[in-house]
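# Overview (structure and organization)
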Amino acid sequence: MNEDIRIHSWPCSYYLDTSKQWVSGRLSLTPVAIKFTADKTGELLVNFHLSSISEIKKESSNLIFSSLTILEKSTKHWFSSLQPSRNVVFNILEHFWREQLLSSEGAGAEAAALQSSKGKELTGLLTGSQKRLEDTAKVLHYQGEQFDNIMRGLNRIEGDMDVADRLLTELESPSWWPFSSRLWKAPLETKPKETATVSDSKNQEGIIIRIPVIITHRTDSNVKPGKLTLFASGLEISDCNSQVIHRFESKDVDDIRVHTPYEISVRQRFIGKPDTSYRLLSAKMPEAIPILEMQFSKKIQFLEDALGFVGARKSPQVDLGTSIWQAATGLLGGVVQPSSPVGDSEGIDNDQVQLQKQEKISQEEAKELKQILKKLKGLALETEAELERQDEALDSITTSVDRATLNIDKQNRRIKKLT
């Protein structure tokens, strides 16, 4: 992720201690730093890392009202005349500052990253791929359950149509037909209701990912902290107390716009009343966007500032499992030597030896990489098998729907003859 990308900027004034005066300019936030640029001169007066911040406070004094102070090491920076409001800027800055401290990129992480070995870098890449593949498996599993529910519903419809067919046959039989009374006396076959499975599926649905966010409703200037939870069936926005503000089912979402890798907006359109729209900003949003892109591939739109985030994830869904596995094994193969075979256990063992020699990867790191690759291969095969099963289920559903449609048309014609 580009650390120079601008997440947000606000017009404000900065107290320049050297000249004892206020300077108008723009306060900017990047994924790892805070900057202030003067309007008149374009000079960068403030530039420090988020991890160096000790405190962010809302303060005021006899001469300074509605100010925001940032304590950076031993230096206190004063910002005033913040637009749209001091509370908005405070909530966003505090969110990214706290997430920066909690993440691995917090205080001291930058120096540690310079000393990290190639093995740790590869482990991090493959662990991220494993997490994305696990999220994909959760979504596919939920979709498979939905297909099963549809099949059960179609089976119930077919059973009801069989009953209707017997009743129509009785009505069509002449009054003197000796066997007609048996149709009325025979008990109708009834199937137990299976509503519990459908109704409880949402309650049993697992959470794919939950991240802290800064929430803006519609075009309001007020923002508040909360949480974004992604399910296989949709997404949910809640406040800090876990009280649900709004839940979007997948069918309710009309469009998702990715403004930056850290900011999205979700909208549901209505006719005759205002749209339901939420704008969400989070330091953890890059982790949620790939899942949203997979769930809402036809509804998500990347704006200009987020186009670089799309990357190379635009692969067909049917090749999802295989492509991730090939990318994982190819990564190790490319580091060792492009011509070396990878993908089987012997290739992984060769990679382990070569990586230790050429990239100075420790034995523990090589073993960890080998285990991650095995897990990735298993997940990829499971994902591919689930996709094939869902393709077969879709074919069965299509066949059942066509058969039910023909039966309904046939019964409608028979009813018209009777009336």
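Residues numbered from 1 in each chain as written. Predicted model: local features only at pLDDT ≥ 70, side-chain atom pairs only at ≥ 80, totals over all residues. Heavy atoms only, no water.

### Considering the sheet that holds strand β5 (residues 53-59)
Ordered by their spatial adjacency, seven strands build an open sheet running β4-β3-β2-β1-β7-β6-β5, and the pairing between neighbours is antiparallel. Each edge of the sheet is formed by a strand with only one pairing partner; in this case those strands are β4 (44-49) and β5. The average undirected angle you get between the axes of adjacent strands in this sheet is 30°. Strand direction decides the pairing type here: strand β3 (residues 33-38) and β4, joined by five bridges, are antiparallel. Its bridge partner lying in β4, Ile34 is registered against Phe48. Its contacts with the sheet place helix α1 (residues 86-102) against β1 (8-16), β2 (21-29), β3, β4, β5 and β6 (67-72), and it is angled at close to 165° to β5. (Pairing = 2+ DSSP bridges. Helix = DSSP H or I, 4+ residues; strand = E, 2+ residues; numbered from the N terminus. Axes fitted to C-alpha atoms, helices over the stretch in contact; angles between N-to-C directions. Contact = heavy atoms within 4.5 Å.)

### Examining the nonpolar core
Judged by nonpolar contacts, the single largest core of 29 residues is most densely connected at Leu27, Leu29, Ile34 and Leu93. Mapped onto this core, the elements with two or more residues apiece are β1, β2, β3, β4, β5, β6 and α1. Element by element, the count of residues in this core is highest for α1, at seven residues. Residue assignment places this core across two domains, with domain 1 (8-103) and domain 2 (207-306) each supplying three or more. Excluding residues that lie within four positions of it along the chain, Leu27 makes contacts with His8, Ser9, Trp10, Cys12, Ile34, Lys35, Phe36, Phe79, Leu82, Val89 and Leu93. Counting 27 residues, the second largest nonpolar core, distinct from the first, contains Leu228, Leu230, Leu235 and Leu280. (Core = buried A, V, L, I, M, F, W, Y, C linked by side-chain atoms within 4.5 Å. Buried < 20%, exposed > 50% of the residue type's maximum accessible area, 1.4 Å probe, protein only. Domains from an automatic or database assignment.)

### Topic: the pairing of β3
Summarising the sheet, β2 and β3 pair through five bridges and their orientation is antiparallel. In the strand pairing of β3, Ser28 is matched with Lys35. The turn joining β2 and β3, which pair antiparallel and follow one another in sequence, is formed by three residues. Hairpin connection, β3 to β4: the antiparallel pair is bridged by five residues, and Gly42 has positive phi, about 70°.

### Looking at α1
An α-helix turns once every 3.6 residues. As a result, residues three or four positions apart point the same way. End to end, α1 covers 24 Å across 17 residues, agreeing with the expected 24 Å (1.5 Å per residue, within 8%). Among the residues of α1, those classed as buried are Val88, Val89, Phe90, Asn91, Ile92, Leu93, His95, Phe96, Trp97, Glu99 and Gln100. (Expected span 1.5 Å × (residues − 1).)

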